[in-house]
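Structure assessment
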Amino acid sequence: MAQETSHHRSYFYIGGEYVNTSAGHILFGQMYVEKLTPVSGCTKPYPIIFIHGRAQTGTNWLNKPDGNPGWASHFLSSGYEVYLLDQTNTGRSGCNPSSEAQQASFTAEYIQQRFTAIENYPLWEQAKLHTQWPGTGLMGDPIFDTYFASTVPSLSNSPAQETSMQKAGILLLDKVGPAIIIAHSQGALSGWLWADARPHLVKALIQIEPKGPPFREAIFSTGLTRPWGLTSTPLTYFPPPTNLSSPLSMQTIPNSSARVVGCTLQAEPARQLVNLQNVPILIETAEASYHAAYDHCFVEFLRQAGCGRVEHLKLPDVGIRGNGHLQFLERNSDEIAKTLETWIEDTLA
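In this text the structure is predicted, and so the values were computed from the model without any measurement.

Okay, helix H7 (residues 333-348) next. Helix length check: H7 (16 residues) gives 23 Å between terminal C-alpha atoms against 22 Å at 1.5 Å per residue, within 8%. Within H7 the residues assigned to the buried category are Ser333, Ile336, Ala337, Leu340, Glu341, Trp343, Ile344 and Thr347. In a view along the axis of H7, the buried residues occupy a sector of 160 degrees, so they form one face of it. Structural note: H7 exposes Lys338 and Asp346 on the side pointing more than 90 degrees away from its buried face.

Quick look at the structure:
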């Protein structure tokens, strides 16, 4: 096994407010944050803030379930200060047990079929290309069991979670200062909201297979769940929408092949995402993930909304093959991290 990068560690909580319950007051909406600093000192001008996805915690970015170091160690070794968080209402951030908002957990079968053993359940065409998960990806395999043990219940109400994370994220950026954000899956909803609220503090936004595609679900359902295009909750558009329950008019662009889905974009003239227009944004997509069928729609949506600094990194286009949605835990995760690091340095040069 490779060695972890030596670092100093501290932690803090940010945000939250007292709510009165039948048993007394509790703190609700706070966010747990770990700060990792290389022992040899920081050599990069901006820290990296990692945002995990649904049913996960900040441990996603530490050591991988096969025992090898994860992305936190990689970026620490390159001289970055790293912040790892547990989303509000999740893991060490706690939740409000008296709240009406429901929490839900992923089953082992769900994870096998969508993340770790997708080649055995070809629910989308690209799934058969999956080769990089260590072990079988099935219950009973020690690597799968180690990963599954790390998953946690999380809030199933997306608007409530987005609002909670936006509040905590604004406070975190105000405390940390200018930073690079790397967000994964459902955590990318916060990436959009934080960059929209504090564009001057987000030096680069890397969205690893963000929750999507724009407006509606795909592959597993087709529900309209993100009326603001990228999120369920408001973003800053110009002209400002006047109907907040249905803020954006939509049009559907047919798919170009059977391997990808058609994109739902804004009807023209498209409202502009004025706060995101100058933020460097990278959409990153793995070869075998279900996101390979629709992440291109983010690029189309963002460019239509005036975001001129958006790029799409398809891992197979740079010779990185066989990855699924949990790519940062897979065998070749270091190769992916190096590619992202190169993009960061080229973008901020």
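For the rest of this paragraph, the subject is the packing of aromatic side chains. Tallied over the full model, the rule gives 22 aromatic pairs. Note on Trp61 and Phe328: the rings are 4.6 Å apart at their centroids and 35 degrees apart in plane angle, and the pair reads as tilted. Of this pair, Trp61 sits in the loop between strand E3 (48-51) and helix H1 (71-77) while Phe328 sits in the loop between strand E12 (310-314) and H7, and the two are 267 residues apart along the sequence. Classification of Phe328 as buried rests on a relative accessible area of 1%. Ring pairing ties together the aromatic residues Phe50, Trp61, Trp71, Phe75, Tyr80 and Phe328, which thus form one cluster. Across the ring face of Phe220, the terminal group of Arg114 is positioned such that the distance to the ring centre comes to 3.7 Å.

What follows deals with the layout of surface pockets. The volume enclosed by the largest pocket comes to roughly 590 Å³. Lining the largest pocket are 31 residues; nearest its centre among them are Arg54, Tyr110, Gln186, Lys211 and Glu217. Where the lining of the largest pocket is concerned, the elements lending two or more residues are helix H2 (108-116) and helix H4 (158-176). For the lining of the largest pocket, the class distribution of residues is 10 nonpolar, 15 polar and 6 charged. By volume, the second largest pocket amounts to about 340 Å³. Gln126, Val260, Ala292, His296 and Lys314 are the residues nearest the centre of the second largest pocket, which is lined by 22 residues in total. A per-class count over the lining of the second largest pocket returns 9 nonpolar, 8 polar and 5 charged.

The subject of this paragraph is the state of the cysteines. Under the definition given, this model contains 1 disulfide. Put simply, Cys263 and Cys297 are joined by a disulfide, and their sulfur atoms are 2.1 Å apart. A torsion of -85 degrees about the S-S bond marks the disulfide between Cys263 and Cys297 as left-handed. Of the two residues, Cys263 sits in strand E10 (residues 263-266) while Cys297 sits in helix H6 (residues 296-304), which places them 34 residues apart along the sequence.

Reading the values: the criteria
- Residues numbered from 1 in each chain as written.
- Predicted model: local features only at pLDDT ≥ 70, side-chain atom pairs only at ≥ 80, totals over all residues.
- Heavy atoms only, no water.
- Helix = DSSP H or I, 4+ residues; strand = E, 2+ residues; numbered from the N terminus.
- Expected span 1.5 Å × (residues − 1).
- Buried < 20%, exposed > 50% of the residue type's maximum accessible area, 1.4 Å probe, protein only.
- Arc of directions from axis to C-beta.
- Phe/Tyr/Trp six-rings, centres within 6.5 Å; stacked < 30°, edge-to-face > 60°.
- Lys NZ or Arg CZ within 6 Å of the ring centre and 35° of its normal.
- 1 Å grid on protein atoms, 1.4 Å probe; cavity = no way out; pocket = protein on both sides within 12 Å on 5 of 7 lines; lining within 4 Å.
- Points joined across faces, edges and corners; volume = space filled by probe spheres on them.
- Nonpolar A, V, L, I, M, F, W, Y, C, P; charged D, E, K, R; others polar.
- Disulfide = S-S within 2.5 Å.

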